[in-house]
Amino acid sequence: AQKITQTQPGMFVQEKEAVTLDCTYDTSDQSYGLFWYKQPSSGEMIFLIYQGSYDEQNATEGRYSLNFQKARKSANLVISASQLGDSAMYFCAMREPLRDDKIIFGKGTRLHILP
Amino acid sequence: DTEVTQTPKHLVMGMTNKKSLKCEQHMGHRAMYWYKQKAKKPPELMFVYSYEKLSINESVPSRFSPECPNSSLLNLHLHALQPEDSALYLCASSPSGLNTEAFFGQGTRLTVV
């Protein structure tokens, strides 16, 4: 069964607008971690933000914030004031420390920022 | 320093060749990963090493052989590959544990001819 679901294959957003990328996950573990990565066309996987399952506050890193709703098993990425350089593929991922630290990825969302 | 270094960046190899991909990190991370990524697809987990021991092999064909010689280095030995093995190979590392980040290298773009 798919454990990470990203329902938006592609999104188009006007520059300077905020954007929310959706991610839902499924796990029976109490301990897990959630990541968001950005992958530009160059291929490198750039770490953006991390949320642990026991973290009570939503993670923030500069323009990135993670809207963590544990009961709904949702971990959406919010990018404020989008920039042209934000155009890339974005992946949501989950780590399961109790399963040999496996990290699995969603299918990704292709984000296009329009000038 | 959050750098994971992968070499080479590009590799073209014939189906009868033997080659190796290298991944290095000096962050003291105890978990290291190999992923394969085809175009327009998410990364697929291949192997996980934890404290230098292989902890996960996701049913990867034996023509891919991982090796972890020490806590900083992870290799992927390639032998008798097929054209469908052409992909971006990504290495990642992470401190073991819950509240920790995972960092990726820039990847090796492999073409099998």
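Our subject in this report is the structure included herewith. (Residues numbered from 1 in each chain as written. Chains lettered and ligands numbered in written order. Predicted model: local features only at pLDDT ≥ 70, side-chain atom pairs only at ≥ 80, totals over all residues. Heavy atoms only, no water.)

A separate point is the overall build of chain B. The helix and strand tally for chain B stands at zero helices and 11 strands. Secondary structure elements of chain B, listed N to C terminal, follow the sequence β-β-β-β-β-β-β-β-β-β-β. Scaling as 2.2 N^0.38, a compact globule of 113 residues should have a C-alpha radius of gyration of about 13 Å, and chain B matches this with 13 Å. Per-residue burial for chain B yields a buried fraction of 50% across its 113 residues. Within chain B, contacts between residues at least 6 apart in sequence are counted, and of these 53% link residues at least 24 apart. Carbon and sulfur atoms form 48% of the exposed surface of chain B, whose accessible area is close to 5,400 Å². (Helix = DSSP H or I, 4+ residues; strand = E, 2+ residues; numbered from the N terminus. Rg over C-alpha atoms; globule rule 2.2 N^0.38 Å. Buried < 20%, exposed > 50% of the residue type's maximum accessible area, 1.4 Å probe, protein only. Contact = heavy atoms within 4.5 Å. Areas by Shrake-Rupley, 256 points an atom, 1.4 Å probe, with all protein chains shown as cover.)

The subject of this paragraph is the interface of chain A and chain B. Many analyses report the size of an interface as the accessible area lost when the parts associate. Contacts between the two partners involve 28 residues from chain A, matched on the other side by 28 residues from chain B. The contact between chain A and chain B buries some 2,000 Å² in all, and 56% of this surface belongs to carbon and sulfur atoms. Inspection of the chain A/chain B interface yields one salt bridge. One salt bridge in this structure joins Glu-58 of chain B and Lys-102 of chain A, with 3.4 Å as the shortest N-O distance. If you list the elements that add at least two residues to the side of chain A that touches chain B, you get strand E5 (33-39), strand E6 (46-52), strand E10 (88-96) and strand E11 (102-105) of chain A. The element best represented in the side of chain A that touches chain B is E5 of chain A, accounting for four residues. In terms of residue class, the side of chain A that touches chain B is built from 11 nonpolar, nine polar and eight charged. (Buried area = accessible area lost by both parts, 1.4 Å probe. Salt bridge = Lys/Arg side-chain N within 4 Å of Asp/Glu carboxyl O. Nonpolar A, V, L, I, M, F, W, Y, C, P; charged D, E, K, R; others polar.)

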